[in-house]
Amino acid sequence: MRGALSRYWSLESLHLATAAIPDGALDTAIHVEEAGSEEDLYEDVSGSSHHYSHSGGGGEQLAINELISDGSVVCAEALWDHVTMDDQELGFKAGDVIEVMDATNREWWWGRITDGEGWFPATFVRLRVNQDEPVDDETLQARDDGRVMHGKAEDSSLVQSSKDQMRTNVINEILSTERDYIKHLRDICEGYIRQCRKRADMFSEEQLRTIFGNIEDIYRCQKAFIKALEQKFNHERPHLSELGACFLEHQADFQIYSEYCNNHPNACVELSRLTKLSKYVYFFEACRLLQRMIDISLDGFLLTPVQKICKYPLQLAELLKYTHPQHRDFKDVEAALHAMKNVAQLINERKRRLENIDKIAQWQTSIEDWEGEDVLVRSSELIYSGELTRIMAKSQQRMFFLFDHQLIYCKKDLLRRDVLYYKGRVDMDHLEVVDVEDGKDRDLHVSVKNAFRLRCSATGESHLLCTRKPEQKQRWLKALVSEREQVRLDQETGFSITELQRKQAMLNASKQQATGKPKTTSRPYYLTRQKHPALPAGLPQQQVLVLAEPKRKPSTFWHSISRLAPFRK
């Protein structure tokens, strides 16, 4: 059996093994009941002379080392940042170009950049499509302008031919990796999900949804996407292929990756829990072998959609680099690159929103005398908060918290100012905001200053609120506009919190309140490594996930409410 740590490979390495599976083995795997018989099954299947291995350890890896041995310069481009605290490891930023000097090991390569050389994880980079491209773009541009070629028509033709070949290489890589990715998704859906559904005694539908997320929806969308790519591919003259329009047509479909990426940490937790039982370990391994999949554990397979959506902007950027401005595909590729960056940004924003729901749940548990539904039933973002005077027959000082869809107000304890009591909420979906001029209010016949009104014309509901200073009023008016904009964007993008996510957030908050201690988070660690040339041990799973995530702005949640008493220690 493989070790506890998963092994992750690039999408280019997910190729179909050619070995055959004995007839009847699938039925045997599905009907195994006892742990002992599962061990026998695994031994029978794995010992039947059918072996599956990562292609990177075979022809592809051998070809890389042959190039290095022949004195060729092999370059790889960093997909993500590699942060290291080990002097034998090579740190780099996403987009850096690394010269690969030793690729004899499948997981860790030895490379060199300007700042030095060292070991780095092979899965954090991808080999350059065009290894023979110029060192910098200025040289290539100079050739195009005729400064290097001295205006010779035949030499300019050679340069354009070289650019066409480089564009062909990029297009071939996009199609090749897409075909591999489709095969990979099909293997998960048919090799794992289909077999798991046949074992209702081992897996509930809720468990399967947690483990695999919406990967079946992703599979359906990717099949339509690759079909569009194949139709646009020019087999006779590949460099004339127009792929940009395909990305633009399917950019809305790529947003479903947001749900998958947000669910992925939950999938890892559930898999870790299940694989502590031997019967699940043997079952998953039997599924892999019977589907003729390469030697990667299930959590490794489930990571690749996260990697894939991050790779599209890199591929489009390289395609744009070798697309002449006069090419018919230039504008579409440029627009597609912008669109896919926006998709990645949207996924990042949704992830931030989901991270905030735990904090909102914790906030709610700190409020005394809570009434009605949980705030997470309708809301997922704190827009603004502060103290307002509620004008009624008797004015009241209240703490107001503006979430999307609702405004919640609380009362401070007279003796313990760090305690808030729930007093009510206002539904923002049917209210209009009215800026009230300073002076005597016509409805309540009282003098007001720095006031605004929340009013529902259908029901006649009205709330007159005042701030202490004019600038505070302007901030509130701006926040109320932002709340409506947030609701509109969520409706357009389809963002919502699932019932499972809401329940889990409230459960975690309740547990934390019961213990009275903040929830600790595990931190990526480094295993002890020997000095060069010994290879470092594999990265832990959580570190790979952290480094694979695109960078995002820090959350503004605590900035909005950190000054409030309930959050002080």
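Relevant structure appears above.
Thresholds, definitions, all that
- Each chain carries its own residue numbering, running from 1 in the direction its sequence is written.
- Owing to the predicted nature of the model, reporting of local features is limited to residues with pLDDT of at least 70; listing and counting of side-chain atom pairs is limited to 80 or more, with chain, interface and lining totals taken over all residues.
- Values reported for side chains reflect all heavy atoms of the structure, with hydrogen atoms and water molecules removed beforehand.
- Under the DSSP-based scheme used, a helix requires at least four consecutive residues in state H or I and a strand at least two consecutive residues in state E, with every element numbered from the N terminus.
- Summary of the burial criterion: residues with accessible area below 20% of their type's maximum are buried, those above 50% are exposed, and those between are partly exposed, where the area comes from a 1.4 Å probe applied to protein chains only.
- The contact criterion used throughout is that any non-hydrogen atoms of two residues lie within 4.5 Å.
- Every accessible area reported is derived by Shrake-Rupley at a probe size of 1.4 Å, with residue values counting cover from the shown protein chains alone.
- Any two strands with at least two DSSP-identified bridges between them are counted as paired.
- One side-chain nitrogen of Lys or Arg within 4 Å of one carboxyl oxygen of Asp or Glu is enough to make a salt bridge.
- Take the buried Ala, Val, Leu, Ile, Met, Phe, Trp, Tyr and Cys residues and link them wherever side-chain atoms come within 4.5 Å; each set so joined is a nonpolar core.
- Note on definitions: angles span 0 to 180 degrees between N-to-C directions of axes, and those axes are lines fitted to C-alpha atoms, for helices only across the stretch in contact.
- Residues are grouped as follows: nonpolar covers Ala, Val, Leu, Ile, Met, Phe, Trp, Tyr, Cys and Pro; charged covers Asp, Glu, Lys and Arg; every other residue, Gly included, is treated as polar.
- When the centres of two rings from Phe, Tyr and Trp lie within 6.5 Å, Trp using its six-membered ring, the rings pair. Their planes under 30 degrees apart give stacked, over 60 give edge-to-face, and anything left gives tilted.

Undergrad: I'm lost on the overall build of the chain in this one. Help?
TA: Within the chain, the regular secondary structure consists of 16 helices and 14 strands. Taken over 569 residues, the chain has a buried fraction of 49%. Contacts in the chain between residues at least 24 apart in sequence constitute 67% of all its contacts with a sequence separation of at least 6. Accessible surface, the chain as shown: approximately 29200 Å² in total, 50% of it carbon and sulfur.

Undergrad: So what exactly am I meant to see when it comes to the pairing of strand β7 (residues 396-403) here?
TA: Both faces of the sheet carry side chains from a regular strand, because those side chains alternate between them. With six of its eight residues buried, β7 lies for the most part within the structure. In terms of strand pairing, strand β6 (residues 382-391) meets β7 through eight bridges, oriented antiparallel. Directly across from Leu388, in β7, lies its bridge partner Arg398. Linkage of β6 to β7, two consecutive antiparallel strands, is achieved through a turn of four residues. Bridging between β7 and strand β8 (residues 406-412) involves five bridges; their strand directions are antiparallel. Looking at β8, one finds that Phe403 is bridged to Gln406. Hairpin connection between β7 and β8: a loop of two residues separates the two successive antiparallel strands, and His405 in this loop has a positive phi of roughly 80 degrees.

Undergrad: In this structure, what is going on with the pattern of salt bridges? I would like to understand it.
TA: Between side chains of opposite charge, pairing is possible as soon as their charged atoms come close. The full count for this structure, using the stated rule, is 32 salt bridges. Residue Asp490 pairs with Arg353 through a salt bridge whose shortest N-O separation is 2.9 Å. With Asp490 in helix α13 (residues 470-493) and Arg353 in helix α12 (residues 330-366), this residue pair connects regions lying 137 residues apart in the sequence. Like Asp490, the residue Arg353 is buried in the burial classification. One network of salt bridges, with partners in common, ties together Arg378, Asp427, Asp429, Glu483 and Arg484.

Undergrad: Would you mind showing me how to read the nonpolar core here?
TA: Buried together is how nonpolar side chains tend to be arranged in soluble globular proteins. By size, the foremost hydrophobic cluster in this structure holds 60 residues, and its most contacted members are Phe203, Phe212, Phe247, Phe254, Phe284, Leu302 and Ile309. Where this core is concerned, the elements lending two or more residues are α5 (153-197), α6 (205-212), α7 (215-232), α8 (244-249), α9 (257-274), α10 (278-290), α11 (298-321) and α12. Once you skip the residues sitting within four places of it in the chain, Phe203 turns out to touch Cys196, Leu208, Leu274, Tyr280, Phe283 and Phe284. Membership of the second largest hydrophobic core comes to 22 residues, among which are Ile360, Ile367, Ile497 and Ala505.

Undergrad: Mind showing me how you'd approach the sheet that holds strand β1 (residues 74-78) here?
TA: Where strands meet in a sheet, backbone hydrogen bonds hold them as pairs that are either parallel or antiparallel. Read across the sheet, five strands follow the order β4-β3-β2-β1-β5 without closing on themselves; strand pairing throughout is antiparallel. Each of the sheet's edge strands pairs with one partner strand only, and the pair in question is β4 (116-121) and β5 (125-127). Taking the axes of each pair of neighbouring strands and ignoring which way they run, one obtains an average angle of 45 degrees across the sheet. Two strands pair when backbone bridges link them, and strand β2 (residues 97-102) and strand β3 (residues 108-113) are joined in this way by three bridges, in the antiparallel orientation. The residue of β3 that forms the bridge with Asp102 is Trp110.

Undergrad: Sorry, what's going on with the pairing of strand β13 (residues 451-455) here?
TA: For β13, the tally of buried residues reaches four of five residues, placing the bulk of the element in the interior. Of the strand pairs in this sheet, strand β10 (residues 432-436) and β13 are connected by five bridges, and their pairing is antiparallel. Bridging across to β13, Glu432 finds its partner in Arg455. Bridge analysis of β13 against strand β14 (residues 462-466) gives five bridges, and the strand direction is antiparallel. When the bridges of β14 are listed, Phe452 appears paired with Leu465. Linkage of β13 to β14, two consecutive antiparallel strands, is achieved through a turn of six residues, within which Gly460 is found at a positive phi near 85 degrees.

Undergrad: What's the story with the packing of α6 against α9 in this structure? I'm lost.
TA: To characterise two packed helices, one gives the angle between the axes of the helices and the distance between these axes. Close contact between α6 and α9 brings their axes to 6 Å; oriented N to C, the two are set at 120 degrees. Together, Gln207, Arg209, Thr210, Ile211 and Phe212 of α6 and Glu259, Tyr260, Asn263, Asn266, Ala267, Glu270, Leu271, Arg273 and Leu274 of α9 make up the contact between the two elements. Partitioned by chemical class, the residues of the contact of α6 with α9 number six nonpolar, four polar and four charged.

Undergrad: Can you help me understand the packing of aromatic side chains in this one?
TA: Aromatic ring pairs are reported here in terms of the distance separating the ring centres and the angle at which the planes meet. Under the criterion given, the structure shown has 22 aromatic pairs. Ring plane angle 45 degrees and centroid distance 5.6 Å describe the contact between Phe203 and Phe283, whose orientation is recorded as tilted. Here Phe203 is found in the loop between α5 and α6, whereas its partner Phe283 is found in helix α10, with 80 residues between them in sequence. Grouping residues by exposure puts Phe203 and Phe283 together as buried.

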